[in-house]
Amino acid sequence: MTQSITIRRPDDWHLHLRDGAMLQAVLPETARHFARAIIMPNLVPPVVTGDHAAAYRDRILSALPDGMSFEPLMTLYLTENTDPQDLAAAAASGLVKAVKLYPAGATTNSASGVRDFDKVRGVLEKMAEIGLPLCVHGEVTDADIDIFDREAVFIERVLDPIRRATPGLRVVMEHITTADGVDYVKSQDSDLGATITTHHLIINRNHILVGGIKPHYYCLPVAKRETHRLALRAAATSGDARFILGTDSAPHTDANKETACGCAGCFTATNTMALLAHVFEEDGALDRLEDFASRNGPRFYGLPVNKDTITLTKTAEPTVFPQKIDSNDGPVTVFDPGFPVFWTVT
Ligand code: NCD
Ligand code: ZN
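In this report, we go over the structure that sits alongside the text. (Residues numbered from 1 in each chain as written. Chains lettered and ligands numbered in written order. Predicted model: local features only at pLDDT ≥ 70, side-chain atom pairs only at ≥ 80, totals over all residues. Heavy atoms only, no water.)

### Overview of the overall build of the protein chain
Looking only at helices and strands, one finds eleven helices and 13 strands in the protein chain. For the protein chain, whose C-alpha radius of gyration is 19 Å, the value lies close to the compact-globule estimate of 20 Å for 346 residues. Once the C-alpha set of the protein chain is aligned to its principal axes, its extents read approximately 55 × 45 × 40 Å. The long-range share in the protein chain, meaning contacts at least 24 apart out of those at least 6 apart in sequence, stands at 74%. When the accessible area of the protein chain is evaluated, it comes to approximately 13,800 Å², of which 49% is carbon and sulfur surface. Positive and negative charge centroids in the protein chain, built from 33 and 44 side chains respectively, lie 2 Å apart. (Helix = DSSP H or I, 4+ residues; strand = E, 2+ residues; numbered from the N terminus. Rg over C-alpha atoms; globule rule 2.2 N^0.38 Å. Contact = heavy atoms within 4.5 Å. Areas by Shrake-Rupley, 256 points an atom, 1.4 Å probe, with all protein chains shown as cover. Lys, Arg positive; Asp, Glu negative; His and termini not counted. Charge placed at Lys NZ, Arg CZ, Asp CG, Glu CD.)

Structural data, given as structure tokens:
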């Protein structure tokens, strides 16, 4: 039986750190295990220019506790008014590593997102030219499309046409939740990658709805049926370099989750690496955890793999994770996998 496994220090290729008191509270949870993260720009107001990204990066670095190291990889929030020159300058300086596309209204703080994809054509062409990846929230928002079908419909109606119209554009399908997403990635070349979250490897839609509504399992894209979860597990543990860990750890206060119209997002920064060790062990793929969490991301983004390592150790007793993280905005519930986990990061 494997007692411990040492892997290159992981990175998180999709992370929400928020701002202010929440940033202060959640940043150490990520920086404890992860060296770098792609920082989502859906603040209020969103991070839309190079100047905004530079200022946000400074706020993140000043919130980092003494003795911890962490490199935020900044992104810009794509709007119909994004200036290709500003974006190219922010990429050339090394500040910005990707651009995030939210279809308007698709998820938390996405109101400034894109409605008319023709309006961002010039920006996408510029990105293809300079090799700057586009991170895509892949859900259509049409009222007549069922929420469980929104990812599959997005691939066919929006993503595939955009990619055909913009050859050479590097795209990350963020937080895929369906077998359709997995199959689409596999059918394409290495210009297309996909992040997979920790929680989508663990929960299906029953976890949200059976036995009472569980707001802390509600996130977007919403978890799908079990066959889709199994397809995600197979993809993440396959060693295929196009599947990348992006936790989408998305903190909201309990007050904002446990209410009549609760926010979408699971907060997994605290226990993600232990949960992934459990998942990969269960699937007989512990030797592929390093690919998923530490190697595939840098490879897609053209960055070096981290030099240092972390060690995951098997424990005799279930690891006790904090149930909540305190912030000055209020408590944030840590994702509960619903089973005991016998792994800890040492
Ligand atoms: C994210 C958030 O809270 O910002 N929520 C979520 O459910 N994943 C937004 C997102 O990534 O869709
Ligand atoms: Zn997200």
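Back to the write-up after that little detour.
### Focus: the packing of aromatic side chains
Any aromatic ring pair is given by two values, namely how distant the centres are and how the planes are angled relative to each other. Inspection of every chain in the model, using the stated rule, returns five aromatic pairs. Residues Tyr-77 and Tyr-102 carry aromatic rings whose centres are separated by 5.1 Å and whose planes lie at 35° to one another, so their mutual orientation is tilted. Taken together, the residues span a long stretch of sequence, with Tyr-77 in strand E4 (residues 71-77) and Tyr-102 in the loop between strand E5 (96-101) and helix H4 (121-130) at a distance of 25 residues. For the pair Phe-300 and Tyr-301, a centre-to-centre distance of 5.7 Å together with 70° between the ring planes defines the contact as edge-to-face. Take Phe-300: its relative accessible area is 7%, and that puts it in the buried class. (Phe/Tyr/Trp six-rings, centres within 6.5 Å; stacked < 30°, edge-to-face > 60°. Buried < 20%, exposed > 50% of the residue type's maximum accessible area, 1.4 Å probe, protein only.)

### So, the coordination of the zinc ion (ligand 2)
Taken together, His-14 (NE2), His-16 (NE2) and Asp-248 (OD) make up the protein donors of the zinc ion (ligand 2), found 2.0 Å from the metal. Between the four donor atoms coordinating the zinc ion (ligand 2), the angles at the centre fall across 93 to 135°, so the site counts as tetrahedral. Each donor residue of the zinc ion (ligand 2) belongs to the same chain, with the gaps between them written as H-x1-H-x231-D. On the accessibility criterion, His-14 (1% relative accessible area) is buried. (Donors = N, O, S within 2.8 Å, 3.2 Å for Na, K, Ca; no water. Tetrahedral: all angles 85-135°; square planar, octahedral: opposite > 155°, others 65-115°.)

### A word on the site of ligand 1
Taken together, 15 residues sit near ligand 1, with Arg-18, Thr-107, Leu-220, Asp-248 and His-252 positioned nearest. Between an oxygen atom of ligand 1 and a side-chain N or O atom of Thr-107, the distance comes to 2.7 Å. His-252 places a polar side-chain atom, nitrogen or oxygen, 2.8 Å from an oxygen atom of ligand 1. Burial of ligand 1 by the protein amounts to 100% of the accessible area it has alone, namely 320 Å². Taken together, the residues that form the shell around ligand 1 break down as four nonpolar, nine polar and two charged. (Near = heavy atom within 4 Å. Polar contact = N/O pair within 3.5 Å; in protein donor to acceptor, adjacent residues only side chain to side chain. Nonpolar A, V, L, I, M, F, W, Y, C, P; charged D, E, K, R; others polar.)

### Some points on the environment of Ile-310
Mapping Ile-310 onto the fold places it in strand E10 (residues 309-314). In this structure, the C-alpha to C-alpha distance between Ile-310 and Thr-346, residues 36 residues apart in sequence, is 6.9 Å. For Ile-310, the contacting residues outside a window of four places in its chain are Ile-5, Thr-6, Ile-7, Arg-8, Arg-9, Pro-10, His-33, Met-273 and Val-345.

### What to know about the packing of helix H3 (residues 84-92) against H4
Two elements in contact, H3 and H4, have axes separated by 9 Å at closest approach and are oriented at 25°. Looking at the two axes, H3 sits roughly parallel to H4. Read as a crossing pair, H3 and H4 show a hand that is right-handed. Of the residues in H4, those touching H3 at Pro-84, Gln-85, Leu-87, Ala-88 and Ala-91 are Val-123, Lys-126, Met-127 and Ile-130. Taken together, the residues that form the contact of H3 with H4 break down as seven nonpolar, one polar and one charged. (Axes fitted to C-alpha atoms, helices over the stretch in contact; angles between N-to-C directions. Parallel < 35°, antiparallel > 145°, perpendicular 65-115°, else oblique. Left-handed = near helix turned anticlockwise from the far one by under 90°.)

### A look at the nonpolar core
Counting residues in each nonpolar core, the largest one holds 95 residues, and the members touching the most others are Leu-17, Phe-70, Leu-134 and Met-273. Element by element, the count of residues in this core is highest for helix H10 (residues 272-282), at seven residues. Once residues lying within four places of it in the same chain are set aside, the contact partners of Met-273 are Ile-7, Pro-10, His-33, Phe-34, Leu-245, Ala-293, Ile-310, Leu-312 and Val-345. By size, the runner-up hydrophobic cluster in this structure holds twelve residues, among which are Trp-13, Ile-38, Ala-98 and Phe-300. (Core = buried A, V, L, I, M, F, W, Y, C linked by side-chain atoms within 4.5 Å.)

### Some details on the sheet that holds strand E1 (residues 4-8)
Here we have three strands laid out as an open sheet, ordered E1-E10-E13, and antiparallel in their pairing. Single-partner strands in this sheet number two, and they are E1 and strand E13 (343-345). Mean inter-strand twist for the sheet, computed between neighbouring axes without regard to direction, equals 25°. Two elements, E1 and E10, share five bridges in a ladder whose sense is antiparallel. Residue pairing across strands places Arg-8 opposite Thr-309, the latter belonging to E10. Sitting on the sheet, H10 touches E1, E10 and E13, and the angle it makes with E13 is about 140°. (Pairing = 2+ DSSP bridges.)

Keep in mind these values describe shape, not function.
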